[in-house]
Amino acid sequence: MPPGPLPPQSDKNYEQFRSEESILFQTGEIKRQGLSEPEERAIDAYFSDTEGQILDVGCGAGRVTSALEARGYDVTGTDISQPLLVQANSEHPDIEFVSSDVSDLPFDSDSYKYVIFAFNGLDYLSPVELRREALQEIRRVLSPSGTFVFSSHNQWYALPALLSDHGFVRDKYLRTKNGGRLFSPYKFERTSIGDLETYFTNPVRQRQELSRVGFDLVSIIGKRSFPLCLVETSPYYVARPSELT
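Quick caveat, the model's predicted, so the values are computed rather than measured.

**Student:** Would you take a moment to explain the sheet that holds strand E8 (residues 194-201) for this structure?
**Tutor:** Remark on secondary structure: sheet strands pair via backbone hydrogen bonds, oriented parallel or antiparallel. Spatial ordering of the open sheet is given by E6-E8-E7, a layout of three strands whose pairing is mixed. The open sheet terminates on both sides in strands that have one partner only, identified here as strand E6 (153-154) and strand E7 (186-191). Lying over the sheet, helix H10 (residues 203-212) contacts E6 and E8, oriented at roughly 80 degrees with respect to E8.

This is how it looks when you write it as structure tokens:
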């Protein structure tokens, strides 16, 4: 299903993700790294049923999708970037990849046991209403007994960054392009594929956002254990439909 029109800034982010730089990035070193440590921990702990169908949202060139398939899961990848899906299909012809907009997924309700949205993909949707629509769609396609895992940029990382990551502070708070955005959740972030308008949340606000669309937050997973994971740059969140928790 071809994606529909996007809001202006999300459309700009979309153009970045379908660029040649994005393809090179997602098929290069980042893909060779495989699953990150927090991703492995979340999957091992919460994707316990290897017969349960998984939807990998924002799958890109298939980094997470192929790793899940190698573990024996029945997994479908979906992304809005057609060039990345062409690459994913070329490298992984045995996996189903579907072109779609996460705010309007072409899948039946309650059809996936697990959904994963890795690599902070949710944060590149703007305005915030589009982000909320995406979460509502993920809630719709997730089974009542399902689990949703995703990562998100963390505002609270600014606290340790003041001492140890001055580049983060300069990029997100001091450069001209982010002027006037001190109290906005959206900031321009320098990435390997160019500047992306990026959403920054925090664990408390993320719990509230999930609750508004029918999820309960189950766990937060980072490279370090609780509570240090609460101030990591992009922790993973584990959520389930509210009636289950």
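**Student:** What am I meant to see in the sheet that holds strand E3 (residues 96-99) here?
**Tutor:** If you trace the seven strands from one edge of the open sheet to the other, you get E3-E2-E1-E4-E5-E10-E9, paired in mixed fashion. Every interior strand has two partners, whereas the edge strands, E3 and strand E9 (215-221), have only one. Along the sheet, successive strands turn relative to each other by an average axial angle of 20 degrees, direction set aside. Here six bridges tie E9 to strand E10 (residues 236-241), and the two strands are oriented antiparallel to one another.

**Student:** Explanation requested: the packing of aromatic side chains in the structure shown.
**Tutor:** Centre-to-centre distance and the angle between the planes together describe a pair of aromatic rings. On inspection of all chains with the given rule, the structure shows nine aromatic pairs. Ring centres of phenylalanine 107 and tyrosine 112 lie 5.5 Å apart, and the angle between their planes is 85 degrees; on these two criteria the pair is classed as edge-to-face. No difference in accessibility class separates phenylalanine 107 from tyrosine 112, as the two residues are buried. Judged by centre distance (6.2 Å) and plane angle (70 degrees), the ring pair of phenylalanine 168 and phenylalanine 200 falls under edge-to-face. One end of the pair, phenylalanine 168, is in helix H9 (residues 166-174); the other, phenylalanine 200, is in strand E8, with 32 residues separating them in the sequence.

**Student:** I'm lost on the nonpolar core in this one. Help?
**Tutor:** Inside soluble globular proteins, nonpolar side chains tend to come together where they are buried. Counting residues in hydrophobic clusters, the biggest one holds 28 residues, and the most contacted among them are Leu55, Val102, Val115, Phe117, Phe148 and Phe215. Those elements that provide at least two residues to this core are strand E1 (53-57), strand E4 (112-117), helix H7 (128-141), strand E5 (142-151), E9 and E10. Considering every element that reaches this core, the biggest residue donor is H7, with five residues. The contacts of leucine 55, once residues within four sequence positions are left out, are Thr76, Thr78, Leu105, Phe107, Tyr112, Tyr114, Val115, Ile116 and Val141. Of all hydrophobic cores here, the second largest spans 18 residues; its members include Ala42, Ile54, Val75 and Tyr114.

**Student:** Can you help me understand H9 in this one?
**Tutor:** Structural remark: α-helix, 3.6 residues per turn; residues separated by three or four positions point the same way. Among the residues of H9, those classed as buried are Phe168, Val169, Asp171 and Lys172. The elements touched by buried residues of H9 are helix H8 (158-164), E7 and E8.

**Student:** Help me understand helix H4 (residues 37-46) in this model?
**Tutor:** For H4, every residue scored as buried is listed here: Pro38, Glu39, Ala42, Ile43 and Tyr46. The buried residues of H4 occupy one face: seen down the axis, they fall within an arc of 130 degrees. At its buried positions, H4 is contacted by helix H5 (63-70), E4, E5, E9 and E10.

**Student:** I keep staring at the packing of H7 against H10 and nothing clicks. Help me out?
**Tutor:** The relative placement of two packed helices is expressed as an angle between their axes plus a distance between the axes. Between H7 and H10, the least distance of the axes is 9 Å, while the angle of their chain directions is 60 degrees. Accordingly, the angle class assigned to the pair H7 and H10 is oblique. Of the two elements, H7 crosses H10, and the hand of that crossing is right-handed. Side by side, H7 and H10 meet where Arg131, Arg132 and Leu135 of the first sit next to Gln206, Glu209, Leu210 and Arg212 of the second. Tallied by class, the residues present in the contact of H7 with H10 amount to two nonpolar, one polar and four charged.

**Student:** Would you mind going over the pairing of E3 with me for this structure?
**Tutor:** A regular strand carries its side chains on alternate faces of the sheet. Strand direction decides the pairing type here: strand E2 (residues 74-79) and E3, joined by four bridges, are parallel. Pairing of threonine 76 across the sheet is with glutamate 96, part of E3. At this point the chain moves from E2, through helix H6 (residues 82-91), to the parallel E3, and the crossover so formed is right-handed.

**Student:** Explanation requested: unusual backbone geometry in the structure shown.
**Tutor:** Glycine aside, residues mostly have negative phi, and peptide bonds are mostly found in the trans state. Residue proline 127 is reached from serine 126 by a cis peptide bond, and omega for that bond is 5 degrees. Within the element layout of this structure, proline 127 appears in the loop between E4 and H7. Residue proline 227 is reached from phenylalanine 226 by a cis peptide bond, and omega for that bond is 5 degrees. Within the secondary structure layout, proline 227 lies in the loop between E9 and E10. Positive phi values are uncommon outside glycine, yet aspartate 110 reaches one of about 60 degrees. Its place among the elements puts aspartate 110 in the loop between E3 and E4. With relative accessibility at 45%, the residue aspartate 110 sits in the partly exposed group. Even without a glycine there, the phi angle at phenylalanine 119 is positive, about 55 degrees. Along the polypeptide, phenylalanine 119 turns up in the loop between E4 and H7.

Rules of the game
- Residues numbered from 1 in each chain as written.
- Predicted model: local features only at pLDDT ≥ 70, side-chain atom pairs only at ≥ 80, totals over all residues.
- Heavy atoms only, no water.
- Pairing = 2+ DSSP bridges.
- Helix = DSSP H or I, 4+ residues; strand = E, 2+ residues; numbered from the N terminus.
- Contact = heavy atoms within 4.5 Å.
- Axes fitted to C-alpha atoms, helices over the stretch in contact; angles between N-to-C directions.
- Phe/Tyr/Trp six-rings, centres within 6.5 Å; stacked < 30°, edge-to-face > 60°.
- Buried < 20%, exposed > 50% of the residue type's maximum accessible area, 1.4 Å probe, protein only.
- Core = buried A, V, L, I, M, F, W, Y, C linked by side-chain atoms within 4.5 Å.
- Arc of directions from axis to C-beta.
- Parallel < 35°, antiparallel > 145°, perpendicular 65-115°, else oblique.
- Left-handed = near helix turned anticlockwise from the far one by under 90°.
- Nonpolar A, V, L, I, M, F, W, Y, C, P; charged D, E, K, R; others polar.
- Right-handed = clockwise from strand over helix to strand, strands pointing away.

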